[in-house]
Amino acid sequence: MPSNKPYYHAIAFISDIHGNLEALEAILDDIKRQQVSSIYCLGDIVGYGPDPMACTRRLMDLVESKQLIATVAGNHDYGVCDQDISNFSSSAKEVMEWTINEMQGTDEAGYIRELCQKELIKKIGRFWLVHSTLNPSPEKWEYLKTKNAGENFQDRKIVFVGHSHVPAIYSKYSAGKDWHPISLFGNDGHYFLPPAQKTMLPRGKSSKSYRLEVNDPFPTMIINAGSVGQPRDNNPNARYALYITIDYKSYIEYRQVGYDVQKTVDKHKKRGLSCDERLATRLCTGGNTRFDSEFKKPDWFPAFS
Ligand SMILES: [Mn+2]
């Protein structure tokens, strides 16, 4: 009997989890609700956040149950492996020393190490995965900029990236004509930033922040999936992206999920590193390291000493 149900297939792209277990769990619950077939991870499982072990273990379990199909390492994962963190900012460095110590000799550290020994660019069908850039080579950990944009488009392929913690879609043939230079932080090209919701959704609630129909059947695009555990686009919700196929149409969908940020902030306070107040503030504001008239300090925000 022919079925009238449309064909539906969804792949989830998650990135920059950064040891934020509450955000990761909230995202994984939403992924379940979206009937996702497989998950790809774009790196930075650890760093900044207070739960590097639990987040790594959660991903190891997803590999075991064949839900997480591919992962590429990020620069913070690399920090755990080769322990060369001289290029890190002072807060990233402080947390990395703590993370290395926390993970020392564990199976979780072994998993991260294994990840760092694998290729930093993965090709899976029409998708390319890389944490930073294809060119210059990924281990330079550069950000997408106008000067390296051209080399990062792979003709008739979709490249998924992370690293900047800012969701964005770049298309080489945006206007169906010439390609335009792109810049992550400038305003000089054809790129799209999904609109930012500036307040946290109630815990466990989720919404679609943007859905783009992919009109070209063989598109040439770069997509930044945004950050699960430390967004930096003034939207504090946990974030990820879906690639959805419904019948003959494909869509890129950005999703945002509210999570128990208070719990994560309390873990920062408990950890007591000198950068923890700054990092906790960042989680509440969606990237800013201080509260102001736009991003007010929540009344539950603890006093850090
Ligand atoms: Mn990162």
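Structure first, text after, so check above.
Nothing here was measured: the structure is a model prediction, and the numbers come from that model. (Residues numbered from 1 in each chain as written. Predicted model: local features only at pLDDT ≥ 70, side-chain atom pairs only at ≥ 80, totals over all residues. Heavy atoms only, no water.)

A.B. asks: Just checking my understanding: could you explain the overall build of the protein chain for this structure?
C.D. replies: In terms of helices and strands, the protein chain carries eight helices and 12 strands. A buried classification covers 56% of the 305 residues belonging to the protein chain. A separation threshold of at least 6 residues defines the contact pool for the protein chain, and within that pool the share at least 24 residues apart is 73%. As displayed, the protein chain offers around 13900 Å² of accessible surface, 48% of which is attributable to carbon and sulfur atoms. The protein chain carries 38 positive and 37 negative side-chain charges, and their two centres are separated by 4 Å. (Helix = DSSP H or I, 4+ residues; strand = E, 2+ residues; numbered from the N terminus. Buried < 20%, exposed > 50% of the residue type's maximum accessible area, 1.4 Å probe, protein only. Contact = heavy atoms within 4.5 Å. Areas by Shrake-Rupley, 256 points an atom, 1.4 Å probe, with all protein chains shown as cover. Lys, Arg positive; Asp, Glu negative; His and termini not counted. Charge placed at Lys NZ, Arg CZ, Asp CG, Glu CD.)

A.B. asks: Explain the layout of surface pockets to me, please; I cannot follow it from the model alone.
C.D. replies: Over the atoms, a rolling probe the size of a water molecule traces out where space has been left empty. There is about 410 Å³ of room inside the largest pocket. For the lining of the largest pocket, the leading source of residues is helix α3 (residues 75-82), giving five residues. Of the residues assigned to the lining of the largest pocket, the class counts are six nonpolar, eight polar and six charged. Taken as a whole, the second largest pocket encloses approximately 300 Å³ of empty space. What lines the second largest pocket is a set of 20 residues, among which Met200, Pro236, Cys284, Pro298 and Trp300 lie closest to the centre. Elements that contribute at least two residues to the lining of the second largest pocket include exactly α7 (261-271) and α8 (276-285). (1 Å grid on protein atoms, 1.4 Å probe; cavity = no way out; pocket = protein on both sides within 12 Å on 5 of 7 lines; lining within 4 Å. Points joined across faces, edges and corners; volume = space filled by probe spheres on them. Nonpolar A, V, L, I, M, F, W, Y, C, P; charged D, E, K, R; others polar.)

A.B. asks: Which parts of the structure should I look at to understand α3?
C.D. replies: What sets the pattern is the α-helix's 3.6 residues per turn: residues three or four places apart point alike. Burial within α3 is extensive, with six of its eight residues counted as buried. For α3, the full list of buried residues reads Asn75, His76, Asp77, Gly79, Val80 and Cys81. Contacts made by the buried residues of α3 are with α4 (90-103) and α5 (107-117). Phi for glutamine 83, located one or two positions after α3, is positive at around 55°.

A.B. asks: Hey, could you run me through the packing of helix α2 (residues 52-64) against α5 in this one?
C.D. replies: The geometry of a pair of packed helices is captured by two quantities: the angle between their axes and the separation between those axes. Contact geometry of α2 with α5 gives a least axis separation of 9 Å together with a crossing angle of 65°. Classified by the angle between their axes, α2 and α5 sit roughly perpendicular to one another. Crossing of α2 against α5: the hand is left-handed. Taken together, the residues of α5 that come into contact with α2 (itself represented by Met53, Thr56, Arg57, Met60 and Val63) are Asp107, Glu108, Tyr111 and Ile112. For the contact of α2 with α5, the residue count by class is five nonpolar, one polar and three charged. (Axes fitted to C-alpha atoms, helices over the stretch in contact; angles between N-to-C directions. Parallel < 35°, antiparallel > 145°, perpendicular 65-115°, else oblique. Left-handed = near helix turned anticlockwise from the far one by under 90°.)

A.B. asks: It is not clear to me how the coordination of the manganese ion should be interpreted in this structure. Could you clarify?
C.D. replies: Think of it this way: four donors in a tetrahedron around the metal ideally sit 109.5 degrees apart, and six in an octahedron ideally sit 90 or 180 degrees apart. The coordination sphere of the manganese ion, as far as protein atoms go, consists of Asp16 (OD), His18 (NE2), Asp44 (OD) and His165 (NE2), spread over 2.1 to 2.4 Å. Along the chain, the residues donating to the manganese ion are arranged with the sequence spacing D-x1-H-x25-D-x120-H. Taken together, the residues histidine 18 in the loop between β1 (8-14) and α1 (21-33) and histidine 165 in the loop between β6 (158-161) and β7 (168-171) connect sequence positions 147 residues apart. Its relative accessible area of 2% is what places histidine 165 among the buried residues. (Donors = N, O, S within 2.8 Å, 3.2 Å for Na, K, Ca; no water.)

A.B. asks: For this particular structure, what's the right way to read the pattern of salt bridges?
C.D. replies: Pairs can form between side chains of opposite charge once their charged atoms are near each other. Inspection of the entire model under this criterion finds 14 salt bridges. A salt bridge links arginine 239 to aspartate 233; the nearest nitrogen and oxygen atoms lie 2.9 Å apart. With respect to burial, arginine 239 and aspartate 233 carry one shared label: buried. Between glutamate 253 and arginine 255 there is a salt bridge; the shortest N-O distance is 2.8 Å. Note on glutamate 253: relative accessible area 3%, which makes it buried. Residues joined in a network through salt bridges with shared partners are Asp30, Arg33, Arg211, Glu253 and Arg255. (Salt bridge = Lys/Arg side-chain N within 4 Å of Asp/Glu carboxyl O.)

A.B. asks: Even after reading the chapter, I still don't get unusual backbone geometry, so can you show me in this structure?
C.D. replies: For residues besides glycine, phi is generally negative; the peptide bonds are generally trans as well. For the peptide bond that leads from asparagine 135 to proline 136, omega is 5°, which places it in the cis range. As for its position among the elements, proline 136 is in the loop between β5 (127-130) and α6 (146-152).

A.B. asks: What is the right way to look at empty space enclosed by the protein in this model?
C.D. replies: All told, the structure shown has two cavities of 30 Å³ or more when counted by the stated rule. When its volume is computed, the largest cavity comes out at roughly 50 Å³. Lining the largest cavity are His18, Asn20, Tyr48, Gly49, Pro50, Gly229, Gln230, Thr264, His268, Leu279 and Leu283. For the lining of the largest cavity, the residue count by class is four nonpolar, seven polar and no charged. In this structure, the second largest cavity encloses a volume near 50 Å³. Forming the walls of the second largest cavity are 10 residues, and the residues nearest its centre are Ser132, Tyr143, Leu144, Gly162 and His163. Residues that form the lining of the second largest cavity fall into these classes: four nonpolar, five polar and one charged.

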